[in-house]
Amino acid sequence: MGYYKPTIIRKESGSTLHRLFKNKIVLVVFTTLLLLAFILLSSIPGSFLNTLTSPVSIVFGPVQSAIYGVMTKANDFYNAFREGVKIREENRALEQENAELKNQIIQLQEAGRQYESLKDAFQLKDRYSNYEIVGARIMTRELGSWFDIFRIDSGQKDGINVSETSSFAVVDAQSRLVGRVLSTDLVSARILPLLHEGFAMSAKVNSATGALVRVRGDIDLKSQGFCVVDHIPAAAVIRVGDEIITSGEGGLFPAGLPIGKVTEVRDSGSRQTRMAILQPYIDLENIETVFIMKGKE
């Protein structure tokens, strides 16, 4: 029993100290909060604490100023943050509106281009009333080059049927020669452009006594956007700047379709082997719409 009693006394003493320590913490926290409340209330002009604590304000004035400054900065930070959020939301709304306006402008520009194409197409029909004009849009360019075969969105369903002995001329809205129809399926057709090395046709110099010549594609010149004029008669005169048009020979191409202009005449010393370099009018790299000239039955 003598050994057990001191142990009980020590436990009670420790518990008492623990309670006193906890009470001191609560007291310190309470006192701090009370002091802060006192300082804040006494800093409000016109309050009864402000009047009572005027002499004390000399001592607590710097503390009050510091607390007021911290509160002011916190309030300014909150207002700035709120304004920043508001500005970001307004910027997002403006960006969306700007994107919508750009889309409308693009649509209007495309509508304008389509209108011009349709207007030119009507003129094309007037000029060539003996032909049925079928409009089509270019879908893909095979092999990824602007001078190679490309595909359009018109085909057999539009009455475009070709064979080894028959085909159709393909022009742009200004009736400038693009090439000819190479093959068709139900909903599309493949176009062989005049720069392709497999293209050849009868043509003539656009003058009263213009000579008949041949225009053909050339594998070495097509990447530069040129083709060849050859089979030039020995007595024919051909010069730089001469316009070359379709001759109408063979029945495939209507006579008088503009092809391009001569940029160079190469004379090998023999008039029988003369050739010229032709720059086509058509811009095959940027063309989007073409017209098939289908003869009326």
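For the structure, see preceding data.
Residues numbered from 1 in each chain as written. Predicted model: local features only at pLDDT ≥ 70, side-chain atom pairs only at ≥ 80, totals over all residues. Heavy atoms only, no water.

1. Brief notes about unusual backbone geometry
Point 1. Not every positive phi belongs to a glycine, and serine 175 is a case in point at roughly 65°.
Point 2. Topologically, serine 175 is positioned in the loop between strand 3 (169-171) and strand 4 (177-184).
Point 3. Given the relative accessible area of 5%, serine 175 is considered buried.
Point 4. Phi at histidine 231 is positive, roughly 55°, even though this residue is not glycine.
Point 5. Here histidine 231 shows up in the loop between strand 8 (227-230) and strand 9 (243-246).
Point 6. The exposure class of histidine 231 is exposed, given its relative accessible area of 53%. (Helix = DSSP H or I, 4+ residues; strand = E, 2+ residues; numbered from the N terminus. Buried < 20%, exposed > 50% of the residue type's maximum accessible area, 1.4 Å probe, protein only.)

2. Let's talk about the sheet that holds strand 4
Point 1. Strand order in this closed barrel of 6 strands is 1-2-5-4-3-12, and the pairing throughout is antiparallel. On average, each strand axis in the sheet is inclined to that of its neighbour by 45°, with strand direction left out of account.
Point 2. For strand 3 and strand 12 (residues 289-295), the ladder comprises 3 bridges, and the chain directions are antiparallel. Its bridge partner lying in strand 12, valine 171 is registered against phenylalanine 291. (Pairing = 2+ DSSP bridges. Axes fitted to C-alpha atoms, helices over the stretch in contact; angles between N-to-C directions.)

3. Considerations on the sheet that holds strand 9
Within a beta sheet, neighbouring strands are joined by backbone hydrogen bonds and run either parallel or antiparallel to one another.
Point 1. Strand order around the closed barrel formed by 6 strands is 6-7-8-11-10-9, with antiparallel pairing between neighbours. Strand-to-strand twist across the sheet, computed as the mean angle between neighbouring axes with direction ignored, equals 40°.
Point 2. In the sheet, strand 8 pairs with strand 11 (residues 275-280) via 3 bridges, with the strands oriented antiparallel. From the neighbouring strand, valine 228 faces strand 11, where its bridge partner is isoleucine 277.

4. What to know about the nonpolar core
Side chains of a nonpolar character, in soluble globular proteins, are inclined to be buried together.
Point 1. In terms of nonpolar packing, the biggest core is built from 49 residues, with Ile152, Leu177, Val215, Val229, Ile244, Ile259 and Ile292 touching the most fellow members.
Point 2. For valine 229, the contacting residues outside a window of four places in its chain are Val213, Arg214, Val215, Ile238, Ile244, Met275, Ala276 and Leu278. (Core = buried A, V, L, I, M, F, W, Y, C linked by side-chain atoms within 4.5 Å. Contact = heavy atoms within 4.5 Å.)

5. Focus on the packing of aromatic side chains
Point 1. Enumeration according to the criterion identifies 1 aromatic pair in this entry.
Point 2. Here the aromatic rings of phenylalanine 199 and phenylalanine 253 are separated by 6.1 Å at their centres, their planes lie at 65°, and the arrangement is edge-to-face. One end of the pair, phenylalanine 199, is in the loop between strand 5 (189-193) and strand 6 (200-205); the other, phenylalanine 253, is in the loop between strand 9 and strand 10 (258-266), and 54 residues separate them in sequence. Each member of the pair, phenylalanine 199 together with phenylalanine 253, is buried. (Phe/Tyr/Trp six-rings, centres within 6.5 Å; stacked < 30°, edge-to-face > 60°.)

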